[in-house]
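Understanding the architecture of this molecule
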Amino acid sequence: MGPADYKYIAINGVNIAYTDCGRGQTVLLVHGFASFSYTWMEMRRFLPTDRLRCLTIDLKGYGYSDKITDDHLAPFDQAVILSEFIRRLELDHLILVGHSMGGAISLIALFHEEIRHRVTGLVLIDSAGLFQKLPRFIDDLTSTSPTSPLVKLAKEDLLASLVLHQAYYDKNKITVDTVREYADVLRQENAKECLISAAKQIAIANVRSFVANVRKIDVRAMIIWGEKDEIIPREDAARFHDDLPHAEVKIIPECGHSPQEEKPRETAALLTEFFGVGPINPTAEPSIAVATPAEQKAPKEASPLKSVMSMPRLRHLRMHRLIDRWSLGTLIIIVFIKILQFLKRLGFRAEENGWRKATGIFLRTEHSKFVLASFRLAYSPPNQMATVMEEAKTLLVERLAGFLRQNPACHWTLEWGRFRVWPKKVFYTDITEAEFSHDGVMLRIVPYLDSTRKTFSLLRREDVDLALDQIITQFNATRNAPERTRAWTLEKRLKRWVRSLKGISSGGRQEIRELVERVLNGTFIQFETLPDDPTRLNAARLGTPNFKNRRHPGSGLLNIICRFTTDYREADLWFQHHHVPVDGMPMQEMLAQLKQEWGAAGQILYPARNSKAAMPEVFYFGQRLFRARIYVDFEKFSRLRHYLNNRYYAEMGGPATISSMLIWGLAGYEYFRDSKFLFPVDTSLIMDYPQERNISLIFIRPSRFFDAADPLAGFLRYQREFNRRLFATRIGKSESYELLELYAMTHPIFYYIAHYLMPKAIGEFLGTVGLTILRDAEMFVSPLSDLQSNGFVAVGNMRMPTEDGHTAGAISICGSKKQVRAYIEAFYHLADNYPDMLGIEL
């Protein structure tokens, strides 16, 4: 095929090449990644063109369409072009056939109601869209720079052969003509650069949202899959079948990723049957030119491109995406980053995850811990109902210990150092009851030691009491010590005390040391009773505990406050977590599991809108920090999000997410207009083992995208960039992910020096405002790191039922008094006025 074989149409400033032949039922064939209209040519020989009008399209950057290397080559951009192509050619009663990436693009186009009305059938051939990790050869391309001289020197025939060998199961079917056709396209100016840029943008940012929209497609569908597809697993065919309500699956045996090329006759037969246009063309003869033996084998000699793709997968940091405002400080940090990049190329690697190291440095204090709550737990079995406080305590502690023992995510403690904290595994489940005065003085502790572990056989009761009394004494003596070193100071003082003991054997001294360590490294719990007055009960349940005056004395992961109802039938548990070993999502999943196992006595209700109980809750947390909690009605916000996702899904490169919309809404408030925001992202997709769950970060300044003349257009550009960063970070390919991994190679002292000497530059890299969301949390109390100088916000379930029959979400805020006031005003404003901010009438 060549330029003369095509027709052309200008769509959104791009010349799009297409073919159009035959008459009858209209069929539009959409090619996949690294392909073009030629992929359908062999199969088209078998289609009855007297009964079919068959169109093919070369997507932007592919085949003989314009080669524009920009940030608009993602499936969502191609879906916009495909939709406009269908409108401009006035295609109705259309059957869409999409291969690989073309399948995902066809699905995204069908998310728009107008296109759905024009389409009567859909065929997906080895379709992309559901993979959580990129296929290997595309992943390799994302690690290659489009501007690399090696790319320009790469032999097009070898590159074409490499791609075809990935796609075909039977390599002998790769013909000379096929290699030549693909190579000719790659010889065009900017073709290879477009291929690499498209590879970097190919992923679906939010697969869950994509699947939810796929399930709304109510058209007749067929799914064709090559049995031996090594690019997209056959399991995805079954997943698409589950998601498309009117789909059938056809598997082509002994076939790879491209059935239309490798098994054209069989593919055509399935299509004509689905189209309802009779048998395939009986006079068609397949091409018989086969590649030479040298071309049949995957190239063994090293080509320039192969050399690039074999290099360590270090993606070049795009500094314009990390930095919006340059200064001497940011320049110094960038030079430092370049040095780290050079060391990484030489083979140096960090010993741990970048996020985990950052938590150990900047999330050591009391205000950096986060809190999750679970309400109305039916903690006691029906035949063991407690009637007094002591019985209730014993029942709950025993059951809680059994639950924690079965959850490895809770088996953590901390190891303290001068500059940072390390997470450390523990292999016992000890729970200690504590009692404090109103101003935080520890009064009493009662340990419930793990019954499955060894006891302290050499210690007398008075030895145990002596050790517990000493823990209380030393805690009270150090409770006003600097937060970053308080637990470390307590631990050292207790070790000195143990060494100073007289009149005790070495074995007894060792057991006292172990007892002290187990108490300090275990879970602490405190008990309260809720008021008996029904009019005050709900407000008391929802009141945020001030953990500042009920601190965990040592290094344990969990500090719990338990609130019993007066009849001891229900318990509310507030879990405070140290952020160094764990993150919010796995801990919320653990609480959901706890409620499922124990059962609930009922649903917690948030206060009625505009009631006194719904007023903002604000209290001082020390160190000039305040905590606040407000209830917000997100009904209008949710309607707007639904509207945006229905109308602009493709333009946004995926859904408008709750997090991105909240960040944009906050930035629209004057106080936060200049702020750079931080948002945590789960990176479990790139973990080899499910338990190795960590997070990375997105940094973004929404004001860069503001457009006073067209606020909606500005938001769409912002949401697209947010989605791009979101998925790239989830798979470990973003600038922010790479930045954290590079930082992990440095000694903690460099963090402190940079933070002390260049705080504004650090804020430019890591953001000054933080926002995090746990969509299923009944209550989520915000942490605050040492870096986010403009505060931090935590959002839980935004559709919790209220006492007056509506829904609301709880927003937790941590920051200075001025910041807390600004957050409260900003959230109330965005909840009521978001459509007006975008110039939309709902």
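A few points on the structure.

**A word on the sheet that holds strand β5 (residues 94-99)**
Ordered in space as β1-β2-β4-β3-β5-β6-β7-β8, the eight strands form an open sheet in which the pairing is mixed. What marks the edges here is a single partner per strand, and that holds for β1 (7-11) and β8 (247-252). Here the strands of the sheet are splayed against their neighbours by 20° on average, with no regard to which way each runs. Of the pairings in the sheet, the one linking strand β2 (residues 14-22) to strand β4 (residues 52-57) comprises five bridges and is antiparallel in character.

**A word on a positive patch on the surface**
Taken together, the side chains of R418, K492, R496 and R499 make up a positively charged region of the molecular surface. Looking at the element boundaries, R496 is found in helix α21 (residues 486-500).

**So, the pattern of salt bridges**
Tallied over the full model, the rule gives 55 salt bridges. Here K60 ties to D70 by a salt bridge, and the two come within 2.9 Å at their closest N and O atoms. You can see K60 sitting in the loop between β4 and α2 (75-88) and its partner D70 sitting in the loop between β4 and α2, a full ten residues away along the chain. Of the residues examined, K60 reaches a relative accessible area of 6% and is grouped as buried. Judged by relative accessible area, which is 23%, D70 ranks as partly exposed. For the salt bridge of E156 with K192, the shortest nitrogen-to-oxygen distance reads 3.1 Å. Placement of E156 in helix α7 (residues 156-167) and of K192 in helix α9 (residues 191-201) is noted, with a sequence separation of 36 residues between them.

**Considering the packing of aromatic side chains**
For the structure on display, the rule yields 39 aromatic pairs. For the pair Y38 and Y182, a centre-to-centre distance of 6.0 Å together with 90° between the ring planes defines the contact as edge-to-face. Of this pair, Y38 sits in the loop between β3 (25-30) and α1 (41-44) while Y182 is found in helix α8 (residues 176-186), placing the two residues 144 residues apart along the sequence. Take Y38: its relative accessible area is 16%, and that puts it in the buried class. Measuring from ring centre to ring centre gives 5.5 Å for F634 and F637, while their planes differ by 75°; the resulting arrangement is edge-to-face. An aromatic cluster is built from W664, F679, F705, F706, F715, Y718 and F722, whose rings are joined through pairwise contacts. Lying over the aromatic face of W488, K492 brings its terminal NZ or CZ to 4.2 Å of the ring centre.

**As for α7**
An α-helical turn contains 3.6 residues, so a residue and the one three or four places further along point in the same direction. For α7, which comprises twelve residues, the first-to-last C-alpha distance of 17 Å matches the rise-based estimate of 16 Å (1.5 Å per residue) to within 8%. By the criterion of burial, α7 is predominantly enclosed, with ten of the twelve residues buried. Among all positions in α7, only E156, L158, L159, A160, S161, L162, V163, L164, H165 and A167 are buried.

**Some remarks on helix α28 (residues 735-743)**
Counting buried positions along α28 yields nine of nine residues, so the element is predominantly enclosed. Buried residues of α28: E735, S736, Y737, E738, L739, L740, E741, L742 and Y743, and no others.

**Let's talk about unusual backbone geometry**
One non-glycine residue with positive phi stands out, namely A34, at about 60°. Looking at the element boundaries, A34 is found in the loop between β3 and α1. A positive phi is found at R624, a non-glycine position, where the angle reads about 60°. Residue R624 is classed as exposed on the basis of its relative accessible area, which comes to 71%.

Scoring rules and cut-offs
- Residues numbered from 1 in each chain as written.
- Predicted model: local features only at pLDDT ≥ 70, side-chain atom pairs only at ≥ 80, totals over all residues.
- Heavy atoms only, no water.
- Pairing = 2+ DSSP bridges.
- Helix = DSSP H or I, 4+ residues; strand = E, 2+ residues; numbered from the N terminus.
- Axes fitted to C-alpha atoms, helices over the stretch in contact; angles between N-to-C directions.
- Patch = residues over 30% accessible without salt bridge, like charges linked within 9 Å, V, L, I, M, F, W, Y side chains within 5 Å.
- Areas by Shrake-Rupley, 256 points an atom, 1.4 Å probe, with all protein chains shown as cover.
- Salt bridge = Lys/Arg side-chain N within 4 Å of Asp/Glu carboxyl O.
- Lys, Arg positive; Asp, Glu negative; His and termini not counted.
- Charge placed at Lys NZ, Arg CZ, Asp CG, Glu CD.
- Buried < 20%, exposed > 50% of the residue type's maximum accessible area, 1.4 Å probe, protein only.
- Phe/Tyr/Trp six-rings, centres within 6.5 Å; stacked < 30°, edge-to-face > 60°.
- Lys NZ or Arg CZ within 6 Å of the ring centre and 35° of its normal.
- Expected span 1.5 Å × (residues − 1).

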